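Fold and contact review
Below, each chain spelled out in residue letters.
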Amino acid sequence: MADVTSAPPARRDTPALENPIAALLTPEGTLTAEGERVAGVSDATLRDLYRLMVITRRLDQEGLNLQRQGELGLWGPTLGHEAAQVGGALAMRETDWIFPYYRDFGMAIVRGIDPGQILTVFKGLRHGAWDPHQYRFGPFVIPVGTQVPHAVGFAMGCKLDHEQTAVLTCFGEGATSTGDWHEAMNFAGVFKAPVVFLCQNNQWAISVPMSEQVAGRIVDRAAGYGLPGVRVDGADALAIYAVTQMAADHARRGDGPYLIEAFSYRLGPHTTSDDPTRYRTEADVMPWRAHDPIARAADQLRKRGAWDDAFERACQSEADERAARMRQTLIAATPDHPSTVFDLVYANPPQTLIAERDAFVAELAPETPQEGR
Amino acid sequence: MADVTSAPPARRDTPALENPIAALLTPEGTLTAEGERVAGVSDATLRDLYRLMVITRRLDQEGLNLQRQGELGLWGPTLGHEAAQVGGALAMRETDWIFPYYRDFGMAIVRGIDPGQILTVFKGLRHGAWDPHQYRFGPFVIPVGTQVPHAVGFAMGCKLDHEQTAVLTCFGEGATSTGDWHEAMNFAGVFKAPVVFLCQNNQWAISVPMSEQVAGRIVDRAAGYGLPGVRVDGADALAIYAVTQMAADHARRGDGPYLIEAFSYRLGPHTTSDDPTRYRTEADVMPWRAHDPIARAADQLRKRGAWDDAFERACQSEADERAARMRQTLIAATPDHPSTVFDLVYANPPQTLIAERDAFVAELAPETPQEGR
Amino acid sequence: MATATTTTTVTMGKALNLALHDSLRDDSRVLIFGEDVGKLGGVFRVTDGLQDEFGAERVFNTPLAEATIAGTALGLAVKGFHPVAEMQFDAFSYPSFQQVTSNIAKYHTRTGGACPMSLVIRIPYGGNIGAIEQHSESPETYYAHTAGLKVVTPSNPADAYGLLRAAIADPDPVIFLEPKARYWMKQEVTLPAPPESIAKARIARAGTDATVIAYGPMVSVALAAAETAASEGVALEVLDLRSLSPIDWETVYASARKTKRVVVTHEAPVFLGLGGEIAARLMHDLFDTLVAPVERVGAPTTPYPPSRYEKLFLPDADRILEAVDRTREY
Amino acid sequence: MATATTTTTVTMGKALNLALHDSLRDDSRVLIFGEDVGKLGGVFRVTDGLQDEFGAERVFNTPLAEATIAGTALGLAVKGFHPVAEMQFDAFSYPSFQQVTSNIAKYHTRTGGACPMSLVIRIPYGGNIGAIEQHSESPETYYAHTAGLKVVTPSNPADAYGLLRAAIADPDPVIFLEPKARYWMKQEVTLPAPPESIAKARIARAGTDATVIAYGPMVSVALAAAETAASEGVALEVLDLRSLSPIDWETVYASARKTKRVVVTHEAPVFLGLGGEIAARLMHDLFDTLVAPVERVGAPTTPYPPSRYEKLFLPDADRILEAVDRTREY
Ligand SMILES: Cc1ncc(C[n+]2csc(CCOP(=O)(O)OP(=O)(O)O)c2C)c(N)n1
Ligand SMILES: Cc1ncc(C[n+]2csc(CCOP(=O)(O)OP(=O)(O)O)c2C)c(N)n1
Ligand SMILES: [Mg+2]
Ligand SMILES: [Mg+2]
């Protein structure tokens, strides 16, 4: 409140924002030589990034297949997001939390959540498929932008508990148009919450292009909250990993929130319900196909001499084998008893609901969930 | 959509923001000599600003008196806001629209709305007391920040109608924390709506100081929407008038929105229901008392040799005389028939409501509104 | 498109599209905006082709911000436009709740009648489409309980056209609820049809033994139930409310007086659903006329279930018929 | 403050303040935040002195952003805190409607029960305080219709203390509606009292001739009506619901069975108010027991009127007694 008692006119100018991380990036949002040195990402980690991106893409492709084969009601592809999701998630410590958005399949994989279980949500078996506490990974949240205040609240709690926990939350560029996003950014700044905001700017919100969605640049909004921010090449897992790790350290140190804009492109449809041919041409997409996270990581490994074909083959076969398991898990997944819907509403359910449940079950028998389909 | 088809990595950097208006201000937010020359505000206008501020303060004081005397249920003083309200409103053309917030009593006066009528709202006689179309002045809106999208929508309409109309909307610094404010800023930027955002930053939202309310600086948020913005000394009516006029021209020219942060201090209580002694000391307020819009304008007039005691006396007596009239109007104001509450809900009321109204009126008789109190 | 009437078979989605088209054509102040309503034509294609024909000034995408979609609609209404704003799905109208409840519903009052809110907010609602969470809700109680709004929902293509045109022509704010599971329902209609009154209910099927009151997606279910009942010699009257606020009590009472037995059904939870209001009022005013208590068939007091279970939770013809039996065996 | 019980006369505002105080003292995970809850102690002083005693880490002001007050409460609940968030007035809870309806009410389901929403949202509600627009609304239908929430409202200082402590202790999200016109109502109470069950109704006055069901601000009005009725030899039973979701049907039915005549009253509009749900259910289940239709006494279908007229619109003892007469003369 110092500014409140200061003599007029109170300027309260924020000192030119300290943002050493920005200095480690080229204008294109990749690491400078100096940046790569400072970040000190090991070959092993870079190989992990590559491996997990290959797996993510393969499982994502399998998700598409399963949807086409009628095993899933819906699928939202991550194609083009692999670097942001794998790089961002891998950069966080195990003890850190992640509040993802609905497209963060790749982050869930990094966190070790069984992808076959994740898919049961898109099969319509349940609204959420994992225990957030077990994986320190929040549920996929459908109302756009609304997970951002959750992450900030959780981060405020980490600060209250004097923990060294950082919180990562993700969202698309469309989410930055929501009031919740702004309110949460401001809260994070006011409470200096240890949260890293990772915007996965894929330039599309379903059919709405960035130019009809975002006034100005998302990265430039950080300064308006007195926060540092950088825009990173969304196809560069190494850069995203390094920047996210430094931003999380920044948050853990108590220096407050950080905004990262990972700039890439949504190569696939919004979801399997979408028909992009109605609003964009192959000519729009084409230049971005080359902008490939996996190829980029392979190059970086080659440059480091940390690449060999055996490794590539190993990644591929692990991916194929995981995809097969995911398919099995999904197809084997059986619905819970429909009464579960009642049981999950409250931790301490009222008698009235228990009575409704019993009446429901009585009416149900001998029907089975299958018939319910 | 050019950016969408551009080759990766699409930078879409906004060109360094053109902001010639900023160049006309000192770091303290007053006009530079050059600024005063460019703005070319006439002595007559400066005297108008002074006169209207004196009237505003006098009527505001009378509002306080009337509340203390039990004639009003509530009053929210404008003390400390005179420069922003009078300067901002006077800078707009008659054909321009203003979407005010609940504290904009001074703007309503500039627009020629009968202050005695305005007070009937705070007497509890009606929810709104003027025809927005007659004065090109929206109603006072109580839910904080929600008038900002209204202004942007109206401005989008002005653009669709190819009018040379600019729209001014006001709000406090607390309102900048709301989601609606952000969504509206972004809409304005995306649609290049001819709207001027005037933040009356009085450093308090009831008991919440700016430091617990706003992360970063409000003026710095403009750049995040690709918009120009300036912070002006909130006690300098001349500067606010000049900047608002230039910003409105900017908007009329089709160059899009502009953000002005008028930085001052809430010298009085939030409203007559508030008790500031619970959260701030006289020591907090004291330095700001000298920061007086009316004294400032008087100095500026003296410097220009455009000041004389006769003028000062004339302003005072006009203010006193207007205050007396306002009091008369308020005290004379009689409640409408309570059935008006039903009549105002719809333009095309359903039969069901008309029936409810008739039943209500039947039950009412022979009661009178007075007894209803 | 000519104004001469033509008879064609259209889906409800197409009927709504034609209503928007004809409104844009006939009134230059009509605007359409929302998320993805432009080139894509909306996720349900209800605005298909409208931007092409009427231009991006009158039919345009907005940023992802429902509160301000509603708030700018208010501002445009003050400017003299007739905005038709789209909320992409039921649950995604909730961010606009403050703008709709505290401003749009109250602006006519607040401005002493000087600023009528001649706008429409279109909301696809209801379940039964196998969707993920938050895409299948029935929010009608939230809106119908809010004085200052009008709430309308069609049950078939012909009504969809007539009611939407009437809603756009109405000077008050109309929440237009579109039963998304019926977007693909086909019907032969003569268009352009004269605008419907937005406040009138409709007897969808005449009967004498009991009245089933339904609206939106449940009307066709009620009609199916009536078919079955007929085959068992029971003549059900099916009443399509069409307007949820206000309710056309005249038509409701007339039917209830005639059949003396009433079932109300909706997808929304029974608790504080419209069925409660209708049942309370009917049993109050026709306490001695009704021979059985009014039955309600709706959802239990839970969030909308995962889609795999939705058919078990949604009211179906069987549950409606069981309710009818309860009124008849009473 | 000692935990030995003491009997004192307190206002409802003070009782709520003590409940917050004792919850902060007894459970280190309890947090209090919202607009102006810090030094000011809230615009109604319900949080008076709490920041001084428990520090600005556990009792703090937030920016003016209700959606994120609710959203951060969710995040803090996941972190294992028990947030007690304040919305400054009824109508100012609407910006949080999406967070409350789509996230807080559904998070327990969405996380398979792993993340209970052990939080309370306090909302001063109701009219009768001579306030300007948007400070006098009764939003209970919006919340009670939303599955996944619990909705509670006290009518007197003793219940205010007990119910708030129980709400904070409950593992589910509780919308705690505080009848602001009763903040200054005094009562002698013994504190700390054992936490109330949050789901039990209460017979505020026993009677035999008719039951008046009320809650929050209307209970004292109903009791006044009962006094008047008594002087005329009519014994009214007054039932205080206390919990609006779930409703304690057992207690409601027992009273209705006994008196066979029921009036429900609330400040909210009659249309889709709780009275409709209660009337529909009572007349359905006790169709042959009730000797008269259930009467509803509430607000007409208009926005809350300017304060000068509010007394004419608010249900009062006379209108309740007229309704009672209708049930007795039926
Ligand atoms: C509040 C809300 N409004 C609308 C929707 C419908 N919707 C789902 S995803 C989406 C686009 C989101 O775009 P973006 O934030 O850029 O994320 P992306 O899908 O591109 O990764 C929309 C409009 C929603 N889920 N929530
Ligand atoms: C949405 C909403 N939340 C809370 C309130 C209660 N309230 C009225 S004014 C106010 C403070 C506003 O502060 P600011 O925006 O800085 O404007 P000022 O009153 O200081 O001029 C609050 C919290 C409200 N009116 N609307
Ligand atoms: Mg996107
Ligand atoms: Mg302020």
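Residues numbered from 1 in each chain as written. Chains lettered and ligands numbered in written order. Predicted model: local features only at pLDDT ≥ 70, side-chain atom pairs only at ≥ 80, totals over all residues. Heavy atoms only, no water.

**Overview of the pattern of salt bridges**
Within this structure, the stated rule accounts for 98 salt bridges over all chains. The shortest N-O distance in the salt bridge between B:Arg57 and B:Glu82 comes to 2.9 Å. Residue B:Arg57 is found in helix α3 (residues 43-68), and its partner B:Glu82 is found in helix α4 (residues 82-91); the two are separated by 25 residues along the sequence. On the basis of relative accessible area, B:Arg57 is assigned to the partly exposed category, the value being 22%. Residue D:Asp90 is joined to D:Lys180 by a salt bridge in which the shortest nitrogen-to-oxygen separation is 2.5 Å. You can see D:Asp90 sitting in the loop between β4 (82-86) and α4 (97-104) and its partner D:Lys180 sitting in the loop between β7 (174-179) and β8 (186-191), a full 90 residues away along the chain. What you see here is one network of salt bridges that share partners, running through A:Asp48, A:Arg51, A:Glu318 and A:Arg322. (Salt bridge = Lys/Arg side-chain N within 4 Å of Asp/Glu carboxyl O. Helix = DSSP H or I, 4+ residues; strand = E, 2+ residues; numbered from the N terminus. Buried < 20%, exposed > 50% of the residue type's maximum accessible area, 1.4 Å probe, protein only.)

**Overview of the pairing of strand β4 (residues 82-86) of chain C**
Residues and elements named next belong to chain C. With four of five residues buried, β4 lies mostly within the body of the structure. Two elements, strand β2 (residues 30-34) and β4, share five bridges in a ladder whose sense is parallel. When the bridges of β4 are listed, Ile-32 appears paired with Val-84. (Pairing = 2+ DSSP bridges.)

**Considering the sheet that holds strand β9 (residues 202-205) of chain D**
Residues and elements named next belong to chain D. Strands sit in the order β9-β11-β10-β13-β14 across an open sheet of five strands; the sheet is mixed. Edge positions in the open sheet fall to β9 and β14 (295-299), since each of these has one partner strand only. On average, each strand axis in the sheet is tilted by 25° relative to the strand beside it, whichever way the strands run. Where strand β13 (residues 262-269) meets β14, four bridges bridge the pair, whose relative direction is parallel. Considered in β14, the bridge of Thr-265 is made with Val-297. Across the face of the sheet, helix α10 (residues 274-285) comes into contact with β10 (210-214), β13 and β14 while running at roughly 155° to β13. (Axes fitted to C-alpha atoms, helices over the stretch in contact; angles between N-to-C directions. Contact = heavy atoms within 4.5 Å.)

**What to know about helix α10 (residues 274-285) of chain C**
Residue and element names in this part refer to chain C. Taking 1.5 Å per residue, 12 residues should reach 16 Å; α10 reaches 17 Å between its end C-alpha atoms and fits that length. For α10, the buried fraction is high: nine of the 12 residues fall into the buried class. Looking at α10, one finds that the buried residues are Leu-274, Gly-275, Gly-276, Glu-277, Ile-278, Ala-279, Ala-280, Leu-282 and Met-283. (Expected span 1.5 Å × (residues − 1).)

**Digging into the coordination of the magnesium ion (ligand 3)**
Residues and elements named next belong to chain A. Surrounding the magnesium ion (ligand 3) are the protein donor atoms Glu-173 (OE), Glu-173 (OE), Asn-202 (OD1) and Trp-204 (O), which sit 2.0 to 2.8 Å from the metal. Around the magnesium ion (ligand 3), the six donor atoms are arranged such that angles at the metal cover 50 to 176°; this shape is classified as irregular. Classification of Asn-202 as buried rests on a relative accessible area of 3%. (Donors = N, O, S within 2.8 Å, 3.2 Å for Na, K, Ca; no water. Tetrahedral: all angles 85-135°; square planar, octahedral: opposite > 155°, others 65-115°.)

**Let's talk about the site of ligand 2**
Taken together, 21 residues lie around ligand 2, and B:Tyr101, B:Tyr102, B:Arg103, B:Trp204 and D:Glu66 are the ones closest in. Residues near ligand 2 are shared among chains B, C and D, making this a multi-chain site. Here an oxygen atom of ligand 2 and a side-chain polar atom of B:Tyr101 are 2.6 Å apart. Side-chain polar atom of B:Arg103 to an oxygen atom of ligand 2: 2.8 Å apart, as the coordinates give it. Across the complex, the protein chains shield 97% of the 590 Å² of accessible surface that ligand 2 would expose by itself. (Near = heavy atom within 4 Å. Polar contact = N/O pair within 3.5 Å; in protein donor to acceptor, adjacent residues only side chain to side chain. Areas by Shrake-Rupley, 256 points an atom, 1.4 Å probe, with all protein chains shown as cover.)

**Section: the coordination of the magnesium ion (ligand 4)**
All names here are of chain B. The coordination sphere of the magnesium ion (ligand 4), as far as protein atoms go, consists of Glu-173 (OE), Glu-173 (OE), Asn-202 (OD1) and Trp-204 (O), spread over 2.1 to 2.8 Å. What the six donor atoms of the magnesium ion (ligand 4) show is an angle range of 50 to 175° at the metal, which sorts the shape as irregular. Between consecutive donor residues of the magnesium ion (ligand 4), the sequence gaps follow E-x28-N-x1-W. Trp-204 sits in the buried class, given a relative accessible area of 3%.

**So, helix α14 (residues 309-332) of chain B**
Residue and element names in this part refer to chain B. Across its 24 residues, α14 extends 34 Å between first and last C-alpha, which sits within 8% of the 34 Å expected from 1.5 Å per residue. Residues of α14 that are buried: Phe-311, Cys-315, Ala-319, Ala-323, Met-326 and Leu-330. For α14, the elements touching its buried residues are α3, α5 (105-110), α6 (115-122) and α13 (293-303). A distance of 3.2 Å separates the backbone nitrogen of Ala-310 from a side-chain oxygen at the start of α14, and that oxygen is part of Asp-308.

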